[in-house]
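This is what each chain is made of:
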Amino acid sequence: MKKIVLFYVMMAVLVLSIPLYWTMHQNSFGEMLLSLGFVCGVFLLSFSFSSALLSIETKSGLVKGFIKIVSSIFLCIPGLLYFFYMIPYITSNSILTEDDVMAFFQTYTHEAYTYLVSTVKPSSLCWTGCILLLFIISSFLYAIKYRNFISKSCKENLLSLGIIVSTIFIHNPLLEPIEKGIVDLYEYQTALAKHSQYKSESETELNSKGIYVVVIGESQNRKHQSVYGYKRNTTPFLVSEQNNNSLGNWIFFENSYSSHTNTFRTLTRALTDMNSYNQKKISEAKTLMEVLNQNGYQTWWISNQKKVTLYEALMSEAQNQLWLNDSQGTDPYDEIILDNLPEESALKSSAVVFIHLMGCHSRYDERYPKTWNRFGNKHVDRYDNSMLYNDYIIQNIYNHFAKMAKFKSMIYISDHAEDVENKLYHTSSLFTWNMTKIPFFAFFTQDYINKNFEKITLLKSRKRKLFVNDMFFDFLLGILNIKDENYIPQNDFSNPKYVIHYDYPILEGKKHLSEEKNDNFLNYRPKFWLHKVNSPYRLRNAGKEYLGVEMDIIYYEKENSFENSHEKTDLSRHNLEQTLEQYGKVDGFNYSIWFDFKNLTDENKEAAKNALEKIINKYGIPKSYVWLESKDWKSLDTFTKSGWKTSYYMQVPKSLDNISEEKLNQIKSKFEEISYSNKVTAFSFPSEYYSFVTSMKLNPEIFLLTWFGGKTFDELSDNEEFLSIIHDSRIKVVLAEKDWSGH
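J.: Got a sec to walk through the sheet that holds strand β6 (residues 350-356)? Specific residues and values, please.
T.: The seven strands are arranged β2-β8-β7-β1-β6-β4-β5 in an open sheet whose pairing can be described as mixed. Each of the sheet's edge strands pairs with one partner strand only, and the pair in question is β2 (250-253) and β5 (320-323). Averaged over all adjacent pairs, the angle separating strand axes in this sheet is 10°, with direction ignored. Where strand β7 (residues 407-414) meets strand β8 (residues 440-444), five bridges bridge the pair, whose relative direction is antiparallel. Bridging from a neighbouring strand, Ile 413 pairs with Phe 440 of β8. Contacts from helix α16 (residues 453-460) reach β2 and β8, with the element oriented near 40° to β2. Along the sheet, helix α17 (residues 472-479) makes contact with β1 (210-217), β6, β7 and β8, crossing β7 at roughly 170°.

Here you go:
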């Protein structure tokens, strides 16, 4: 009996030590002790309670058998933690998160099966399964072979101790993902239950009559779509439309991201007014269906996904619902959608039809008929096959509605993407940016464009601008011209007031867009600073989309102070300190600053340096946050020696074409000499001189600062010349303009 007890204890220690090991590597020593205390409490509780049950004396064989079974179950309690932690390990070699817990309670049998088949690592499954099996065997052996070798008082003490210890340490990092997952699940269920009871009867005056279609894709990475430049022709229909887009009816947005990596998290935000800016809870959120119903639109929800996940409760507010996936086995192909699209006679004069596809959800080879196997049977091949088939579905959805006289627009956006190459799918605990790079595009009829010309022109200029799908609520309301009380124009991609900070948080705040290092010019966003911030108003309203600001300063020797102006006017009205009083007051956001020193001279350089250092220290501005620019490169030496980042404003002749080659070489030689003088750390110049500047043999340690005259960020993002310049690693700052509306 003692051998059996020892065997059970050893197995219990083993199954509990594995999640404890992960906790040690993810948290502090103190938090690890909390987890250790809880683990000990769980073991004592299960062991002592089972022993107490087994010590009950009875002559009934049936009762004895029942007691042994119940005791065995209690002995297996430590295995529950092990079980929960092993699922993400054997599928993705990751730790348990609250997202895993929520997914566990929302999945259905076939989805769970296909996920496990696609992701389980046989070696991990083998050894973790063996450990769990041995633990279960030890539990049953202990119950079957039990002998009463522990005194009654000892059992009672152990039981009490187990209850006390496990209760004291119930809040610990080991249980945190399970606790948080269950709490989130309950919160969403409660809130969505209220939404599901909502039925709108009201109709108000319509803003944009017509039929609008919203197609929601699944697990689609735009990097695997040929319309976004992928090497394989996975989207022939979309490419054809793009190539024949002379009227500009199609717009493909190139820098769109999902707010999370699983459907539940993304769609509860995309289809409500929840987003990372407002941090609303689901209980406070307003849904798209509510707003559309209240504004007189006929609403449709057509889905090829099962009605099992929480976010689907949001769709119960749709006036017309078609849930097409009632399969107990393999999910039907998305072409089932095509057979159930509403005809024009079933649609009112104003309607919004939402269509939710299975898209490219794993297993990929279950998403398309065998006849669509065009690229092969390897992992990536199957994903590309599903993308090709999805393009066919999009084509047929578009063709169905395009023939309708009342049709106005079709918008396509995916819930999240997929890391296909690394076989990480969209597991949030193994996050990569490929899990968030979603396709987002739209078609607008000529009638809609004619009536909303400025809106469409603006959208076309924003093809490369950042967009996160938790702002889809405001975008769709903007397209429909609905000004609901919950509508925020700053979140509407189609509104001139739209703003998104380059550091926008996703994945529940665990990641920020500024961390993404691969896409186009996205990772160069910190280089953009705002030009001519010469007043308190401008600094206060510069906007978080810029990392830094440029200010003109003029030194007054007698007053030992600076004017914040481009031209010398009135020190009392435009004092630099009046502007800097606003520094850090907008949500604590601290800009970097480019000071354009207009009147630096050899005579005032020492006094000006001391005065400026006193000012930046007063307002808590680190010297490392500041560039100081002047046309007098020799006088900048004083600042450079004091640890300032300094930039020589290059005095380049306006028309280089009219200068002889000999004279041009003399100019270059002079600039090259300055670059090696150690008096400045950077050169600054208008962007039109970029080719000239880079043709010189400048000191490689010299950085470059530039500006595009009169260009806003939106205009720059579509400027090919700009794109070539911004990729230069020597370019540290690019100044952009902003419409100040008279300020």
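Next comes the rest of the description.
J.: Describe helix α10 (residues 236-243), listing the residues and the values that go with them.
T.: When we look at burial in α10, the residues that qualify are Phe 237, Leu 238 and Val 239. Taken together, the buried residues of α10 touch β2, α14 (379-402) and β8.

J.: Can you explain the packing of aromatic side chains? Please cite residues and give values.
T.: On inspection of all chains with the given rule, the structure shows 44 aromatic pairs. Ring centres of Phe 562 and Phe 597 lie 5.7 Å apart, and the angle between their planes is 70°; on these two criteria the pair is classed as edge-to-face. One end of the pair, Phe 562, is in strand β14 (residues 561-563); the other, Phe 597, is in strand β15 (residues 592-597), with 35 residues separating them in the sequence. Both residues of the pair, Phe 562 and Phe 597, belong to the buried class. Counting every residue linked through ring pairs, the aromatic cluster contains Tyr 228, Phe 237, Trp 250, Phe 252, Tyr 398, Phe 407, Tyr 412, Phe 441 and Phe 443. The ring of Tyr 556 carries the charged tip of Lys 568 above its face, separated from the ring centre by 4.6 Å. In this structure, Lys 631 packs its charged tip against the face of Tyr 649, placed 5.5 Å from the ring centre.

J.: Give me the nonpolar core: which residues, what numbers.
T.: If you look at the biggest cluster of nonpolar residues, it comprises 60 residues, and the most contacted ones within it are Phe 562, Phe 595, Phe 671 and Phe 683. For this core, the element with the most residues is helix α20 (residues 605-618), which contributes five residues. Non-local contacts of Phe 683, meaning those with residues more than four positions away in its chain, are made with Ser 647, Tyr 648, Met 650, Phe 671, Ile 674, Ser 675, Leu 698, Ile 702, Phe 703, Leu 704 and Leu 705. Counting residues in hydrophobic clusters, the runner-up holds 52 residues, among them Phe 440, Ala 442, Leu 459 and Phe 493.

Cut-offs and rules
- Throughout, a residue's number is its position along its own chain's written sequence, starting from 1.
- Whole-chain, interface and lining totals are the exception, using all residues; otherwise, since this is a predicted model, local features are given only for residues with pLDDT of at least 70 and side-chain atom pairs are given and counted only at 80 or more.
- Note that the side-chain values use all heavy atoms of the structure and ignore hydrogens as well as water.
- Any two strands between which DSSP finds at least two bridges are classified as paired.
- Only DSSP runs of H or I with at least four residues qualify as helices, and only runs of E with at least two residues qualify as strands; both kinds are numbered from the N terminus onward.
- Only the stretch in contact is used when a helix axis is fitted, and all axes are lines through C-alpha atoms; the angle between N-to-C directions ranges over 0 to 180 degrees.
- By definition, residues are in contact when any of their heavy atoms lie within 4.5 Å.
- The rule is simple: take the accessible area with a 1.4 Å probe, protein chains only, and divide by the maximum for that residue type; under 20% is buried, over 50% is exposed, in between is partly exposed.
- Between rings of Phe, Tyr and Trp, where Trp is taken as its six-membered ring, a pair exists when centres lie within 6.5 Å; planes separated by under 30 degrees are stacked, by over 60 edge-to-face, and by other angles tilted.
- Counting as a charge over the ring demands two things of the Lys NZ or Arg CZ atom: a distance within 6 Å of the ring centre and an angle within 35 degrees of the ring normal.
- Each nonpolar core is a collection of buried residues, namely Ala, Val, Leu, Ile, Met, Phe, Trp, Tyr and Cys, held together in the definition by side-chain atoms within 4.5 Å.

Take it as geometry only, folks, not as evidence of what the structure does.
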